[in-house]
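Observations on the model geometry
Listed here are the chains, written in short residue letters.
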Amino acid sequence: MKKIVLGISGGISFLVFLILLFITNHLCHSQLSQQAAERWGNPKNTAQVSCFFSVDAGISEDSILEFEHSIDKALADASVVQESENAGARLWADAYSADGKITISTDKGSISADAVGIGGDFFLFHPERLLYGSYFSGNDLMQDYCILDEDAAWQLFGSSDVAGMMVTIGGLPHIVAGVIHREDGRLAEAAGLDSTLVYVSYETLSEYGKSNGINHYEIVMPNPVSEFAYQYIKDNLGSDEKNVEVVENTSRYGFLSRLKLLMQFGTRSMNGKAIIYPFWENIARGYEDILAILTLFELLFLAYPVVLALVFFIIWWRHKGWTLRDVRLKLQDKAERGMEKLRARRSKGAYGDETEEGGMPKEKKVKKRKKKTEDLGYLERPQRGWRRKGR
């Protein structure tokens, strides 16, 4: 009975492990802002890297442009070339952004909202859930676009279906490219998504709003060897280590990364850098903590049935009633018997009833011998030898 109870408890523990493993995998793939490498290309040789700067980092559009010009040369030196037949295909894509505040007006009213000023392919890295309209790019020639969340749309227009309508920012008209659903929930609100949010171009935020300067940079690029992209960006982006935090998003939710995070428990929350993380990074770090705890429980629930199985095996081994020497001798005996049977078959093939030496069937050989004796003038007399023909 005790063994049955232990066996059932071990099975339940393993089932809980499988459930936790499923939940962990689901959470890892639910964070779209961490999956740009998968959307861009093969994640095995592509890396997504994020950089977060302090106010004193001094990152500007010119410094980012200078860094962008160096990327192609670095990839060429690493023998990474574009193999696509599409003339417009790119090896890499990047985006930069700044936090701030901005005032948006319509005929119905005006709001002051949290704003993210974007440059580059920002929505490649952050595919917010669109309700209406489409995204815009910071690379567009015209920078008079914006994206509103549902709250902003209702406050400005009394509706959320307002893609294509006009708003005024700094006295200049801007087109509402789309309306998004702002992520909600306790974790999102704690991360900073607790008020109205709009997206505008970095140029618009800098000129007509209150900008904190470029404090986020993201890139997805080839990663020919492990940590190539991470190390190159860390060494060449042009900011000292005290003012920048570099994160490789591609592997941050991997099993080894989660184990490493468990080992850093207690010190992870200590931050000596004057960096304010954006809401998407705060959410990502929150999920890191959750996944680390789930991983710890996974290991515990897996360890119990494994140890239990090991104990049962040791007990069985001690009471099995045979030794490895017995097994070896039995196998050796079977091998010898097999060889004897094989030799017997070969002997039967040479001297047995079915065949004669050389593999010729006995019946065929008897007929051949009888014909030969008849040609010599003899007839066969069973059990009495041979006699001449006509006697």
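Nothing here was measured: the structure is a model prediction, and the numbers come from that model. (Residues numbered from 1 in each chain as written. Predicted model: local features only at pLDDT ≥ 70, side-chain atom pairs only at ≥ 80, totals over all residues. Heavy atoms only, no water.)

1. Structural notes on the side chain of Asp 121
Keep this limit in mind: To qualify as a helix, a DSSP run of H or I must reach at least 4 residues; to qualify as a strand, a run of E must reach at least 2; elements of each kind are numbered from the N terminus. Working definition: with a 1.4 Å probe on protein chains only, accessible area under 20% of the residue-type maximum means buried, over 50% means exposed, and in between means partly exposed. Every residue pair with non-hydrogen atoms within 4.5 Å of one another is taken to be in contact.
Inspection of the secondary structure assignment puts Asp 121 in the loop between β3 (109–120) and α4 (122–125). For Asp 121, a relative accessible area of 16% translates into the label buried. Beyond its immediate sequence surroundings of up to four residues, Asp 121 is in contact with Arg 90, Ala 93, Asp 94, Ala 95, Ser 137 and Asn 139.

2. Focus: helix α3 (residues 61–77)
An α-helical turn contains 3.6 residues, so any two residues separated by three or four positions project in the same direction. Rule in force here: Between the first and last residue of a helix there are one fewer steps than residues, each counted as 1.5 Å, and that sum is the expected span.
Helix length check: α3, at 17 residues, gives a terminal C-alpha distance of 25 Å against a target of 24 Å (1.5 Å per residue), a fit within 8%. Taken residue by residue, α3 has Ile 64, Phe 67, Glu 68, Ile 71, Ala 74 and Leu 75 as its buried positions. Following α3 by one or two positions, Ser 79 adopts a phi angle in the positive range, close to 65°.

3. What to know about the packing of α3 against helix α8 (residues 228–236)
Rules: Note on geometry: axes are C-alpha line fits, over the in-contact stretch for helices, and angles between N-to-C directions span 0 to 180 degrees. Note on angle classes: values under 35 degrees are labelled roughly parallel, values over 145 roughly antiparallel, values of 65 to 115 roughly perpendicular, and the remainder oblique. Note: crossing handedness is left-handed where the near helix turns anticlockwise from the far helix by less than a right angle, and right-handed where it turns clockwise. Three residue categories are used. Nonpolar comprises Ala, Val, Leu, Ile, Met, Phe, Trp, Tyr, Cys and Pro, charged comprises Asp, Glu, Lys and Arg, and polar comprises the others, including Gly.
At their nearest, the axes of α3 and α8 sit 12 Å apart, and the two run at 140° to each other. Classified by the interaxial angle, the pair formed by α3 and α8 is oblique. In the crossing of α3 with α8, the sense of the turn from one axis to the other is right-handed. The segment α3 lies against α8, with Phe 67, Ser 70, Ile 71, Ala 74 and Leu 75 engaging Phe 228, Tyr 232, Ile 233 and Asn 236. Among the residues making up the contact of α3 with α8, the classes are represented as seven nonpolar, two polar and no charged.

4. Section: the nonpolar core
One broad trend across soluble globular proteins is that nonpolar side chains are buried collectively. Note the threshold: Among the buried residues, those of types Ala, Val, Leu, Ile, Met, Phe, Trp, Tyr and Cys that are joined through side-chain atoms within 4.5 Å form a nonpolar core.
Formed by 47 residues in total, the largest nonpolar core has its most connected members in Ile 71, Ile 104, Leu 148, Tyr 217 and Met 221. Apart from the residues within four sequence positions on either side, Tyr 217 is in contact with Val 49, Ser 50, Cys 51, Phe 53, Ile 64, Phe 67, Glu 68, Ile 71, Asp 94, Ala 95, Tyr 96 and Leu 237. Grouped together as the second largest cluster of nonpolar side chains are 34 residues, Phe 52, Ile 147, Ile 180 and Tyr 287 included.

5. Some remarks on the packing of aromatic side chains
For any pair of aromatic rings, geometry is given as the distance between the ring centres together with the angle between the planes. Just so we agree on the cut-off: Centres within 6.5 Å make a pair out of two Phe, Tyr or Trp rings, where for Trp the six-membered ring is used; the pair is then stacked when the planes are under 30 degrees apart, edge-to-face when over 60, and tilted otherwise.
Scanning the entire structure with this criterion turns up 17 aromatic pairs. Ring centres of Phe 122 and Phe 123 lie 5.2 Å apart, and the angle between their planes is 90°; on these two criteria the pair is classed as edge-to-face. Its relative accessible area of 1% is what places Phe 122 among the buried residues. Members of the aromatic cluster, connected to one another through ring pairs, are Phe 122, Phe 123, Tyr 135, Phe 136, Tyr 145, Tyr 199, Phe 279 and Trp 280.

6. A word on the pairing of strand β5 (residues 145–149)
For clarity, the threshold we go by: Strands are treated as partners if at least two bridges between them are detected by DSSP.
Among the five residues that make up β5, four are buried, leaving the element largely enclosed by the rest of the structure. Where β5 lies against strand β7 (residues 172–180), five bridges are found, and the strand directions are parallel. In the strand pairing of β7, Tyr 145 is matched with Ile 175. Pairing geometry for β5 and strand β8 (residues 197–201), over three bridges, is antiparallel.

Limitation: the analysis is restricted to geometry and does not speak to function.
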